[in-house]
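# Survey of secondary and tertiary structure
Given next are the chains, with one letter for each unit.
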Amino acid sequence: MSRTRFVRALAAGFVAVVLFVPPALAQIPANPRDLKYPPLSFNPPEAAKHRRVLTNKVVAFMVEDHELPLVTVNVLIRAGSYVDPSGKAGLASAVGSQMRAGGAGAYGAEQFDEEADFLAASLASSLGSTSGSASANFLAKDTDKALDLLFAMLKEPQFQQDRLDLYKRQVLQSLARRNDSTASIEGREWGRLMYGADHFSTRPATKASIESITRDDLVAFHRQHVHPGSFIIAVSGDFKPDEMAAKLEAHMAGWAAPTGYKAAPVPKPAHVPAPGVYVVNKADVNQGRVTMGHLGIQRGTPDEIAVDIMNDILGGSGFTSRITNRVRSDEGLAYDAGSSFGIGTYYPGSFQASFQTKSSTVAQAIEIVLEEINRIRDAKVSAEELETVKNSAIEIFPRYFASAATVAGTFANDELTGRDPKFWQTYRDRVRAVTIDDVQRVAQKYLQPDRIVILAVGNVDDMLKGDPDKPQYSFDHIRAGKEIVRIPLPDPSSMVYPK
C-alpha cells in the first residue's frame, strides 16, 4: 500500500472512531467544572483500637499490614534541645546522632553498621527541639535480630569517642557556614524576632558549646532522658500484635525510668514581638527573602480549623490562594509566595507570609501582601473560594491515614503531645461547618496588621532603593514613620552580634 493510500485509510478509520461515541462517553460534560462525583466515603481509624499499654506502662500503637513482609518500629522519646544544660547547646542533637552512629551494646560503631547492613535494615535516631525518635525498618523474618539492634541502640549506646569527635568536627564546619545562606539567616532571625534570644528554640549551638561536649555529657543526658518512662512506641507492618507486645516487653524488662523521673515541661517564650521593619544585609545576593507576620495560635484553640481554612484562602493553598495569585501569577514578582498560620503544640506558633523576589521589587511585594491581609479582614471571601479550600481539606484527609505506618505514627505523636483523641473523628465535620462569616471573623481576630513584623534579608541598599519605575512602592511607606532596624550578622562561631 502506498503511503498516500495508507494515510487515507488511517484517516477514514479515525473518522469512524470519532463518529462512534459510546453512550457512557457521550455523557461527559463539555466543561470539566460540570463533572459530578459521588461523596468521598472514608472512615478514619480509631486510636483506641490500636492502642496498648504494655506491662511497664509504655503506650504502644500497633497497626497490622500483611501486604508486604516488612515491619517498622518507631520509638518516640520525650526529650530534646529544650532540656540542654546551660552552656551545652547542641548536646541533645549529639545524643540523638550518636545513639545510632556511635555503636551500641556489644557492637562497636563499625560492627553495628555491618550488622544493620547484613539485615538490610534501616536504623536511625535523632533528637529535635521537643522530642526525638529511634526507629528500625526491617524484613519481618528478621524481627528478633532487628529489635536486638534497636533496643541496644536505645538502652546501651557506646558513644564511641572517634565517632563523637567526627560528629563535632562536622557540626563545627556547619556552624562556620551558617551566615552563607539567606534562607538560614531568615529562619534564625525570624525565630529571634518572634520568641526572643533566650528561648530554647532560638538558643544556638556555638563553637564553645560544641567543643565543651564530652562523652560523659552524652552518657549523663542519655541516662536521664532516654528510658521507657519517656517512650511511646509505634509499630506497623507484618506482625501479630500479641507477639510483638511480648517482644517489646522482653526488651524493656528490668529497665525503668530514674527514680523520681518526670518529663520536663516545654517552656513557653516570655518575649513579646515588637512590630516594625527589620533588615539583614547580605550584599552578595540580588534577591531579597522576606518573612512578615506575628505570633499565631496554640493547638486546642476553638477556632483552629477556621483559622486554617482562612489561611488557605489567603496564602496557604498554592496556586488557588490570593497571595500566590497576586505576587506570583499577576505581578510575576516571585516564583513562590504564600502564607502559613502556625498552630503551636506547646506555645503559639507564628503567622508568616513569605516570598523571595529581586531586590528592587521587595517593597512592592510587601505592600501587595499587606493589601491581601487587609482585604481578607475587610471583605468577605467568595463562596467559590471557601468551597475550594474546604473540599481540598476534606478530599486530602485520607492521606493522614494512607498507610499502616502513618496511622501508627499519627496516633503515637498525638499521644506524645496530648492531642484530643476525638480530633480526627470530628475534623471533616468541623471543616464543613466553617462559613463565610467565620472566615472574616477569624481573619479580623487573628490577623493583626498593627502587630506585623517584617523581616527582609538581602542587599539592603538595593532593597531600600526600590524600583524607580514604581516609586509608589517604598520602604518609607511601609515603615510608617518608624526606624528600620538593621540586624547585623553575628560571628558564625560564637553567635555574638556586633553592637
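Every value quoted in this text rests on a predicted model; they were computed, and no experiment measured them.

## What to know about empty space enclosed by the protein
Under the counting rule described, the total for this entry stands at one cavity of 30 Å³ or more. Around the largest cavity sit Ser360, Thr361, Ala363, Gln364, Gly466, Asp467, Lys470 and Tyr473, which together line it. Looking at the lining of the largest cavity residue by residue, the classes come out as two nonpolar, four polar and two charged.

## Here we look at the sheet that holds strand 8 (residues 287-295)
A sheet is described by the order of its strands in space; here six strands give the open sequence 10-12-8-13-7-14, paired in mixed fashion. Two strands lie at the open edges of the sheet, namely strand 10 (337-341) and strand 14 (485-486), each paired on one side alone. Pairing analysis gives five bridges linking strand 10 to strand 12 (residues 350-358), with the strands arranged antiparallel. Across the sheet, residue alanine 337 finds its bridge partner in strand 12, namely phenylalanine 355.

## Concerning the sheet that holds strand 3 (residues 70-77)
Spatially, the six strands line up as an open sheet ordered 1-2-6-3-5-4, and their pairing is mixed. Both edges of this open sheet fall to strand 1 (51-53) and strand 4 (122-127), since each of them pairs with a single strand only. In this sheet, neighbouring strand axes are inclined to one another by 15° on average, regardless of whether the strands run parallel or antiparallel. Direction of pairing for strand 3 relative to strand 6 (residues 231-237): antiparallel, over a ladder of seven bridges. Counted as the bridge partner of valine 71 is glycine 237 from strand 6. The strands touched by helix 6 (residues 143-155) within the sheet are strand 3, strand 4, strand 5 (132-139) and strand 6, with strand 5 carrying the most contacts at an inclination of about 160°. Against the sheet, helix 16 (residues 404-417) contacts strand 1, strand 2 (59-64), strand 3 and strand 6, and its axis sits at roughly 170° relative to strand 6.

What counts as what
Residues numbered from 1 in each chain as written. Predicted model: local features only at pLDDT ≥ 70, side-chain atom pairs only at ≥ 80, totals over all residues. Heavy atoms only, no water. 1 Å grid on protein atoms, 1.4 Å probe; cavity = no way out; pocket = protein on both sides within 12 Å on 5 of 7 lines; lining within 4 Å. Points joined across faces, edges and corners; volume = space filled by probe spheres on them. Nonpolar A, V, L, I, M, F, W, Y, C, P; charged D, E, K, R; others polar. Pairing = 2+ DSSP bridges. Helix = DSSP H or I, 4+ residues; strand = E, 2+ residues; numbered from the N terminus. Axes fitted to C-alpha atoms, helices over the stretch in contact; angles between N-to-C directions. Contact = heavy atoms within 4.5 Å.

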